[in-house]
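One letter stands for each residue in the lines below.
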Amino acid sequence: MDLTAKNLTEAKETVRNLLEQLGLTAYLFEVEPHADQWQVRVECALDSGWQSSVLSIDDGALRACRTDRFVRDQMLAELRKRLTAHGPG
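Residues numbered from 1 in each chain as written. Predicted model: local features only at pLDDT ≥ 70, side-chain atom pairs only at ≥ 80, totals over all residues. Heavy atoms only, no water.

(A) Region of the structure containing empty space enclosed by the protein. The full count for this structure, using the stated rule, is 1 cavity of 30 Å³ or more. Taken together, Asn 7, Glu 10, Ala 11, Trp 38, Asp 59, Leu 62, Arg 63 and Arg 66 make up the lining of the largest cavity. Broken down by secondary-structure element, the contributors of at least two residues to the lining of the largest cavity are α1 (5-21) and α2 (59-64). Residues of the lining of the largest cavity, tallied by class, amount to 3 nonpolar, 1 polar and 4 charged. (1 Å grid on protein atoms, 1.4 Å probe; cavity = no way out; pocket = protein on both sides within 12 Å on 5 of 7 lines; lining within 4 Å. Points joined across faces, edges and corners; volume = space filled by probe spheres on them. Helix = DSSP H or I, 4+ residues; strand = E, 2+ residues; numbered from the N terminus. Nonpolar A, V, L, I, M, F, W, Y, C, P; charged D, E, K, R; others polar.)

(B) Here's a closer look at the packing of aromatic side chains. Scanning the model with the defined rule gives 1 aromatic pair in all. Centre to centre, the rings of Tyr 27 and Phe 29 are 6.2 Å apart; their planes meet at 40 degrees, and the pair counts as tilted. (Phe/Tyr/Trp six-rings, centres within 6.5 Å; stacked < 30°, edge-to-face > 60°.)

(C) Quick look at the nonpolar core. Among the nonpolar cores identified, the biggest contains 21 residues, and Leu 19, Val 42, Leu 62 and Leu 83 are the most heavily contacted of them. Among the secondary structure elements, those contributing two or more residues to this core are α1, β1 (27-34), β2 (37-46), β3 (49-58) and α3 (69-84). When residues of this core are assigned to their parent elements, the largest contribution, 5 residues, is made by α3. Filtering out sequence-adjacent residues up to four positions away, Leu 19 remains in contact with Leu 24, Tyr 27, Phe 29, Val 42 and Leu 83. (Core = buried A, V, L, I, M, F, W, Y, C linked by side-chain atoms within 4.5 Å. Buried < 20%, exposed > 50% of the residue type's maximum accessible area, 1.4 Å probe, protein only. Contact = heavy atoms within 4.5 Å.)

(D) Representation of α3. Look at α3: 22 Å from first C-alpha to last across 16 residues, which is about the 22 Å you get at 1.5 Å a residue. Among the residues of α3, those classed as buried are Val 71, Met 75, Leu 76, Leu 79 and Leu 83. For α3, the angular spread of the buried residues around the axis is 135 degrees, confining them to a single face. What points out from α3, more than 90 degrees from its buried face, is the exposed set Phe 70 and Lys 81. The inward-facing, buried residues of α3 contact α1, β2, β3 and α2. Its side-chain oxygen placed 2.9 Å from the backbone nitrogen of Phe 70, Asp 68 serves as the N-cap of α3. (Expected span 1.5 Å × (residues − 1). Arc of directions from axis to C-beta. Polar contact = N/O pair within 3.5 Å; in protein donor to acceptor, adjacent residues only side chain to side chain.)

Have a look at this one:
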């Protein structure tokens, strides 16, 4: 993956849009490059309190979810599952 300011900005915007679509009450996130993946750190408010998660998202999948509804829906389902699977910590 070519790391450019544009790629990083696009990755952050895409992750922000995905998190907003999940309807989280409050969240903080950071996106960092790691090989051919993005490491996404998310802290979000759930009914049980704040939860921290670290997710690895393939660069190609993250790019595809910007234009491909099927890929975006799969990504949203995976994020929802991962972010709400366990309590804080």
